[in-house]
Amino acid sequence: MEHSVGFGSFPAYFCETQEYVPASNIIVIQPGSKYLRIGRASDPEPHVNLHAIARRRKTGQSISSDGTNFTKFIHRDTLISLLSGKSAEEKLPPEVESARLQLCHTLQTSLKPDGGQRYITPTEQISAFNKISKVGVICKEDTKVADDILKDLLQKETVVGDDVIKISTVPDYNIHFPWRRGGLNLHSGIGGSLTSVVNDIVDIWEYIIADKLGVSLKDRTHNYRVLLVIPVMFSRLHIGELVHLVMNQLQFSHVIVIHDHVCATFGAALSCATVVDVGDQRISISCVEDGISIPQTRVNY
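Residues numbered from 1 in each chain as written. Predicted model: local features only at pLDDT ≥ 70, side-chain atom pairs only at ≥ 80, totals over all residues. Heavy atoms only, no water.

Q: Which parts of the structure should I look at to understand the overall build of the protein?
A: Across its full length, the protein holds nine helices and 16 strands. Buried residues in the protein amount to 31% of all 301 residues. Taking the intrachain contacts of the protein between residues at least 6 apart in sequence as the baseline, contacts between residues at least 24 apart amount to 58%. Accessible surface, the protein as shown: approximately 18,500 Å² in total, 56% of it carbon and sulfur. (Helix = DSSP H or I, 4+ residues; strand = E, 2+ residues; numbered from the N terminus. Buried < 20%, exposed > 50% of the residue type's maximum accessible area, 1.4 Å probe, protein only. Contact = heavy atoms within 4.5 Å. Areas by Shrake-Rupley, 256 points an atom, 1.4 Å probe, with all protein chains shown as cover.)

Q: Would you mind going over the nonpolar core with me for this structure?
A: Where a protein is soluble and globular, its nonpolar side chains tend to be buried together. If you look at the biggest cluster of nonpolar residues, it comprises 33 residues, and the most contacted ones within it are Ile 27, Ile 29, Trp 205, Leu 228 and Leu 245. For this core, the elements supplying multiple residues, two or more each, are strand S3 (26–31), strand S4 (35–40), helix H6 (194–211), strand S11 (225–230), helix H8 (236–249) and strand S12 (255–259). The biggest single contributor to this core is H6, with eight residues. The contact partners of Trp 205, leaving out residues within four places of it in the chain, are Ile 29, Pro 31, Leu 36, His 51, Leu 228, Leu 242, Leu 245, Val 246 and Leu 250. Within the second largest apolar cluster, eleven residues are counted, among which are Ala 52, Leu 153, Val 159 and Tyr 173. (Core = buried A, V, L, I, M, F, W, Y, C linked by side-chain atoms within 4.5 Å.)

Q: Even after reading the chapter, I still don't get the state of the cysteines, so can you show me in this structure?
A: A disulfide bridge is the covalent bond that connects two cysteines by way of their sulfur atoms. Inspection of the entire model under this criterion finds zero disulfides. With no disulfide partner, Cys 272 has as its closest neighbouring cysteine sulfur the one in Cys 287, 9.2 Å distant. We classify Cys 287 as partly exposed; its relative accessible area is 27%. (Disulfide = S-S within 2.5 Å.)

Q: When you look at the sheet that holds strand S6 (residues 53–56) in this model, what are you seeing that I'm missing?
A: Sheet strands pair via backbone hydrogen bonds, and the direction of the pair is either parallel or antiparallel. Reading across from one edge, S7-S6-S8 is the order of the three strands in this open sheet, with antiparallel pairing throughout. Each edge of the sheet is formed by a strand with only one pairing partner; in this case those strands are strand S7 (158–160) and strand S8 (173–176). Strand after strand, the sheet turns through a mean of 15° between neighbouring axes, direction not considered. Bridge count for S6 against S7 is three bridges, and the pairing is antiparallel. The residue bridging Ala 54 from the neighbouring strand is Val 159, located in S7. H6 rests against S6, S7 and S8 of the sheet, and its axis sits at about 110° to S6. (Pairing = 2+ DSSP bridges. Axes fitted to C-alpha atoms, helices over the stretch in contact; angles between N-to-C directions.)

Below is the structure:
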């Protein structure tokens, strides 16, 4: 195995001898700010899990009854992105509202595919309807079953993926989202160092690969390959960390790194396109031509 360069300037690890690898033995991983999409290349849809991990605090680092002590040991990333405690309307720049109004005007002046006139519901009418609407329960979970699930989760030192939501109100856990705004979630708080974030990613990915995909550790080295999908604007240093993570800690023998925008054009069977990726916390735009995201066209909001 040798270290080479593939996909433009991105590192890729592969063997000199080419061999056929069935799609069922290729694991596609696309990390996101809120969700992790992962699955076999042969799967019709990926497994979508909350890209989060909850770790129990050590003895002596729990929150006191008044919630004021031991704050230096506490870190809880929010499950829902908030804008400094203010409403979205207060924080959005006027350019966004102007663009929204222009879009509404464009839709109103355009015709439907059948030739009919398009009707856009006024914002005031939508707001008035929301105020008088009653909250509907989509699915009411059995209380006893939910309590049993929570009891089992509280026996664990680490909770991963969608189960983090179930223990989000338990004060004895630190909650970490290792990926924020299209990159690693590095910060000065607890679990914010590069080493801690990488460890969180390893634990999340390892759990999903083993539990959801059923790929054991001993089968990875010889039988499975990884296609790692990353944002178009991503730190080269962090790319190296992720490649190291996949090969040395998750113990896959091969990994190829590819841009998410390039994957979008491949999936749409287009040789060139302008790709707009609207994520949970980030919007990225770039022009892709012949399998390459042109660096001069990359924009990240």
